[in-house]
Amino acid sequence: MIMPTKHIPAEQSLLGAGAVVFAELSQPRTVTSLWEAVRDSESVPTFERFVLAVTMLYALRVVRFEAGVIVRSSP
């Protein structure tokens, strides 16, 4: 379910949900504002899935939590 497969399209995978969340991080955002931005997406239909996507991005060191906001990590 993390990666798309023959039976799980990219939009339903956790990687697809992470891509939607990451695309909304062009500027630093609070958790609430980021959730409001992606909650209508088909890839992120629930808050639980949103938390899983953010956790995955954090584990991959793509994002970081800094001063109360989520920001993209520097390369």
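Everything numeric here is computed off the predicted structure, so don't read it as measured data.

(A) Local environment of the overall build of the chain. Check the secondary structure of the chain and you find three helices and two strands. Starting at the N terminus and ending at the C terminus, the chain contains elements arranged as α-α-α-β-β. A globule of 75 residues ought to have a C-alpha radius of gyration of about 11 Å, and the chain, at 12 Å, matches this closely. Projected onto the principal axes, the alpha-carbon positions of the chain cover approximately 40 × 25 × 20 Å. Looking at the 75 residues of the chain, the share that counts as buried comes to 29%. Residue pairs at least 24 apart in sequence account for 45% of intrachain contacts in the chain once pairs closer than 6 positions are excluded. About 5000 Å² of surface is accessible on the chain, with carbon and sulfur atoms providing 60% of the total.

(B) Layout of a nonpolar patch on the surface. A contiguous nonpolar surface patch, about 350 Å² in accessible area, is contributed by Val31, Phe47, Val51 and Phe65. Within the element layout of this structure, Val51 appears in helix H3 (residues 47–59).

(C) Geometry of helix H2 (residues 31–38). The set of residues buried in H2 consists of Leu34, Trp35 and Val38. Projection of H2 onto a plane perpendicular to its axis shows the buried side chains occupying an angular sector of 100°, all on one side. On the buried face of H2, the contacting elements are helix H1 (14–23), H3 and strand E2 (69–72).

(D) View of unusual backbone geometry. Residue Arg61 is not a glycine yet carries a positive backbone phi of 60°. Here Arg61 lies in the loop between H3 and strand E1 (63–66). Accessibility expressed as a relative area gives 72% for Arg61, which makes it exposed.

Cut-offs used in this document
- Residues numbered from 1 in each chain as written.
- Predicted model: local features only at pLDDT ≥ 70, side-chain atom pairs only at ≥ 80, totals over all residues.
- Heavy atoms only, no water.
- Helix = DSSP H or I, 4+ residues; strand = E, 2+ residues; numbered from the N terminus.
- Rg over C-alpha atoms; globule rule 2.2 N^0.38 Å.
- Buried < 20%, exposed > 50% of the residue type's maximum accessible area, 1.4 Å probe, protein only.
- Contact = heavy atoms within 4.5 Å.
- Areas by Shrake-Rupley, 256 points an atom, 1.4 Å probe, with all protein chains shown as cover.
- Patch = residues over 30% accessible without salt bridge, like charges linked within 9 Å, V, L, I, M, F, W, Y side chains within 5 Å.
- Salt bridge = Lys/Arg side-chain N within 4 Å of Asp/Glu carboxyl O.
- Arc of directions from axis to C-beta.

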